[in-house]
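Summary of structural features
This is what each chain is made of:
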Amino acid sequence: MTAVLKITHLSKKYGRNQVLDGFTMELEKGKIHGLIGKNGEGKTTLIRIIMGIIPKEKGEIYYKGRLIRFGDTSYKKEIGYIAEDSVFFDWMTVNQFLAFNAAFYPRWNQSQADAYLKRLSLSPGIRIKSMSRGMKLKLGLIAALASNPEILLLDDPTSGLDVPTRQDFLNHMIGEIKAKGTTILFATHMVHELENIIQRLSILHNGRLILDNDYKKIKKAQDKNRSIEEIFLNHVSE
Amino acid sequence: MSQNKKLIFKHFFIKEWKEKSLIFFLAVLFLAALTGIRLSGQDELTMYLSGMFVWIFLPFSAAMIGSSGFYHEYKNNAWIYLLSRPVRKPVVWIFKYIPQLTMVLVIYGIFLFVVLVLPGFKEILEAFSFSAWLFHYSALSSSLLISITAFSLAFSLSILHDKPFIIFLTTIFTGAGISFLVNLYSDFLYRNYYGMNDLIGMSYLWPAAFILGSLYTFSRVDFSQSKAKLTRFILITALSLIAAGAISTGLTLAHWHFRGRDYMYNLTVRRNDVFFRTKKGTLHYDKLKDKTTRITRRRGRAAASRSGDKALLLTYDYHQEGESRKYTYTLKLINSDGSEIRRLVSTQPPGTPFTGLRIRNFDISPYGQEVVFITENPQNSTMKLWTLRSDGSGEREFLPDIPDLDRISIAGWTSDKRIILLAVKRSPGQGTEMILLSFDPDHRTLERLASFIRKPHLCSVSSSGKFAAYVYFDPNAEEEVLEITDLFSGSRKEIHRGGSVQDIQWGKEKDILVFTIDANQVGIFSLKTGKISAFESIPAAVLDSLFPSLDWVSGDQKLALRGQDHEPEQILIMDRDLEVREIIHAPSSFRAIYSMDRTILIYNQTDNQLWCYDMDKEKWKKIY
């Protein structure tokens, strides 16, 4: 297995609340990883630590074998990130935002961004403040993908989306991204959404990974007809 | 900066300007209104609004821009987006700070442009300049410094809260509080280290402490944890403030020790000699030898004969006895090189008429043959006048019979060796009165020459010893009068009435008097014609009532005046018709000007420097 991102013994607490406690995980190149856990279990915290937004307390993160320290930035050029609640500067238009975002990424592909705008039916002149949540998700996705990332981190991207947009995202877009060889970490508490798209499943509970394996193997080891929700419930209630 | 960074900065620049454009346009609108009012010629309203702009609107606008420094990140919850970009967090902070600071600077720049372009505007603004501790603070530069400080403070705080109004109020109170504490601390140091100036660099260091606290918090602390953010900000800022205080104190004390404390006192200028005192002792500059030597390590001051070849040196020292200081004084006649001719008086040895007395004032006659000094008995405050010949013989004392006498000083000598004195009377209920007296040492008589004297430092005797010039207050007209008295006939001649007499200087050789009135009026009175030969307003002149701002040069044919109140300062050389003939650029700013005929001396009171300019060689030299 080629680990493009490796996290070892990661710990983080807020006050007395230990959110992550010796968390260890690897992301395999080119695969879609599902990270599930209940609300407040630390999925968002984990992704924010990976993105260098907040500091960790203990543990190491390696990107392509290189140790990442808090404050490092170069690795971020190769990571796309869609936050739980994708919000940007609302006075900007789509084009203004993409131009602002492009400045951070040397590998930015404007023609790809334009193609995604057409593909996702987003008007370049529309202001962000007049966009729906689904449209903002699409914009975030374009911003992340046009930088040609090695890894795409998705933090509960579908919560609050209307059904058609969610279906489009899950059934088509994720597949298209994977087809480019991008490694995806899809963190969500809506576990059922991952049923047909992930290749590896990790369950976060009480700050640790309690399950981390190839999804097919998990299914094989358990009752084939068991849904991902049932697998999740089975593990977190043990 | 790399191409990538330049591009990021460009986008930040556009973003920040667009987000804060409302405040900017409000400021421009205010400036447009101000320009309109100025153009319509409404001076009073222009003055009112200009004052409001420099002291209130500009600093407050700067604080408002800074207060909303991170407002849009809070409002749009765009922290996650911004902090997850591949750029270092301090860079994000700085790339937001600089564009917003430029906005403050552009508003200021537009205002400055308007001020410089519209006639008379700069002069109106000068009314808002102020002086403190002999330093001049221009309204324009002070307002800019305050605005940048207010902006930096507000911007630094803006990472802590989403409501700009809260940040704005916090900025005002924090800024006022810190300024108050800095002043308090500065006062404390000043009281303990006499002669120390303001805390060096503190005006810049304390806002920098907030910038450091903000930068660290923004870069290293989990932004989502408000309490942790605030705690860490306070901790880092407090430590930085302590460090700022320590650095500033260190710099100030070092400056005070090596330069600041080394003040010059008791400057006496004669034709070829300059005497002055520093902490190193009493020094003498000999123009002919172009050399400065220390004539004694002791504290002292000198009075020199007109030629300067003989000087009277008063040295004094003290020791603490309980809560009071016991002084000992020694009066010596010295050569101009400092070599002692003879010791005339000492108050230390017991059993002499001078034992225990304080020597308050002293002088040597123009040709160096007679000496006069005034003593005070610390027990009963009795003042006595002593005269003796410079060879030490003929010592005589005189107890002036002047009711309510508080103190006496020596104004000069007449050509027949009488001494012109200035006596200050202080009586309960009647206040203070100064009178001009003539003392005849041979006949031991005192004669009153004039009453209601004002500005005692201006009272002086002409070089011929025939006339005395002084300023007195006419109680009937309630105005100042510059007057000359003939010291032989007793006749009085009114030279100028009204306004404020700033300075007077007798010619070095001739009976000619130059005087200055108010800010820039200069007059020349000739005893030969008995008339004012010239009286002009010299706008380029900077006249001062505390320090001499003009003197005669080139055998009393020309005048040297202090000109232009900002660096590089100038010396204006004028003929007797008060036409400026030459401008000499000074090597430093200066407060006082003296002449040694063809050599001009300037005294930089701020930096304790003494420079001389040789008019023949056209060269400057730093004496001290």
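Note: the structure precedes this text.
Residues numbered from 1 in each chain as written. Chains lettered and ligands numbered in written order. Predicted model: local features only at pLDDT ≥ 70, side-chain atom pairs only at ≥ 80, totals over all residues.

Turning our attention to the overall build of chain A. Looking only at helices and strands, chain A has 7 helices and 10 strands in total. At a minimum sequence separation of 6, the contacts of chain A that also span at least 24 residues come to 74%. (Helix = DSSP H or I, 4+ residues; strand = E, 2+ residues; numbered from the N terminus. Contact = placed C-beta atoms within 7 Å.)

What follows deals with the environment of Ile 420 of chain B. Here Ile 420 of chain B is to be found in strand 16 (residues 419–427). With sequence-adjacent residues up to four places away left out, Ile 420 of chain B is seen in contact with Ala 411, Gly 412, Thr 414, Leu 436, Ser 438, Val 461 and Ala 468 of chain B.

Before going further, it helps to examine helix 7 (residues 228–236) of chain A. Residues and elements named next belong to chain A. Taken as a whole, helix 7 has its buried residues at Ile 228, Ile 231 and Phe 232. On an axial view of helix 7, the arc spanned by its buried residues comes to 100°, and they lie on one face. Here the buried face of helix 7 lies against strand 3 (32–36), strand 9 (200–205) and helix 6 (215–221). (Buried ≥ 20, exposed ≤ 12 C-beta atoms within 10 Å, placed from the backbone. Arc of directions from axis to C-beta.)

For Ser 121 of chain A, which is not a glycine, the phi torsion comes out positive at approximately 55°. Looking at the secondary structure, you find Ser 121 of chain A in the loop between helix 3 (110–119) and helix 4 (133–145). C-beta crowding within 10 Å serves as the criterion here: with 8 such atoms nearby, Ser 121 of chain A is assigned to the exposed category. Backbone geometry places Asp 556 of chain B, a non-glycine residue, at a positive phi of 65°.

Each side of the interface is counted separately: chain B has 23 residues, and chain A has 23 residues. Among the elements of the structure, helix 1 (3–19), helix 5 (79–83) and helix 10 (202–220) of chain B are those that each provide at least two residues to the side of chain B that touches chain A. Among the elements that line the side of chain B that touches chain A, the one with the most residues is helix 1 of chain B, at 6 residues. Its residues assigned to classes, the side of chain B that touches chain A shows 8 nonpolar, 9 polar and 6 charged. (Nonpolar A, V, L, I, M, F, W, Y, C, P; charged D, E, K, R; others polar.)

Residues and elements named next belong to chain B. Strand order in the open sheet formed by 4 strands is 3-4-5-6, with antiparallel pairing between adjacent strands. With one partner strand each, in any of the chains shown, strand 3 (265–269) and strand 6 (291–296) form the two edges of the open sheet. Ignoring strand direction, the axes of neighbouring strands in this sheet form an average angle of 20°. The pairing of strand 4 (residues 273–278) with strand 5 (residues 281–286) spans 6 bridges and is antiparallel. Bridge assignment links Phe 275 to a residue of strand 5, and that residue is His 284. (Pairing = 2+ DSSP bridges. Axes fitted to C-alpha atoms, helices over the stretch in contact; angles between N-to-C directions.)

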